[in-house]
Amino acid sequence: MSEENIAQTTAPPQIHWRRMYLISIGMILFAVVIAWQFNLLPFGNSLPRQNAIMVIAPYRHQGTWVFDDRSAGLVQEPFVAGVPEMIDVIVKDIPDADQGFRLLFSSKPFPQYQKKLVWLRGDGEGNYYRFEDSDMEGWICPAMFKYYETAPKELYVKAEPMK
């Protein structure tokens, strides 16, 4: 064998940096798309929910009603400015509601809803609503826009015990 043939057979393989770079970029993009689809990224899919009826599970924490919705990035999100008193009305017949209950809500009427809330006015970034059948009103904070693109003119709610 000639020296030239020996050098060719014993030379270390060349690394194709351009090919490695393109493969790496492709794998990263693939991983980002998968993470986005499963809502694993902090910026995730920020579009409001598309469900007709949404469900949260409020509970009492440090004297007020709060709820968690990790898919919306909300942890111990408090209800304030009149809404805790409105919640007290709709849970009055639910034993141990302070430990948690299901709250169904929708911008459209659904079977056996308990209360209809009517939009009164926007204020700051939130909106005031009142029970249709009373003067009780409360301010719903901007977290509502995790569920709706715009403030609905009406909200229908129902409280149920946790089963």
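Description of the structure in this document. (Residues numbered from 1 in each chain as written. Predicted model: local features only at pLDDT ≥ 70, side-chain atom pairs only at ≥ 80, totals over all residues. Heavy atoms only, no water.)

## Comments concerning the sheet that holds strand S4 (residues 74–78)
Then comes step 1: The sheet built from 3 strands is open, its strands ordered S2-S3-S4 with antiparallel pairing. Of all the strands in the sheet, the pair left with one neighbour each is strand S2 (59–61) and S4. Taking each pair of neighbouring strands and ignoring which way they run, the sheet shows an average axis angle of 45 degrees.
Then comes step 2: Relative to S4, strand S3 (residues 64–69) is paired through 3 bridges, and the arrangement is antiparallel. For Val66, the partnering residue across the bridge sits in S4 and is Pro78. (Pairing = 2+ DSSP bridges. Helix = DSSP H or I, 4+ residues; strand = E, 2+ residues; numbered from the N terminus. Axes fitted to C-alpha atoms, helices over the stretch in contact; angles between N-to-C directions.)

## Points about the pairing of S3
Then comes step 1: Relative to S3, S2 runs antiparallel, the two being bridged by 3 bridges. In the strand pairing of S3, Arg60 is matched with Trp65.

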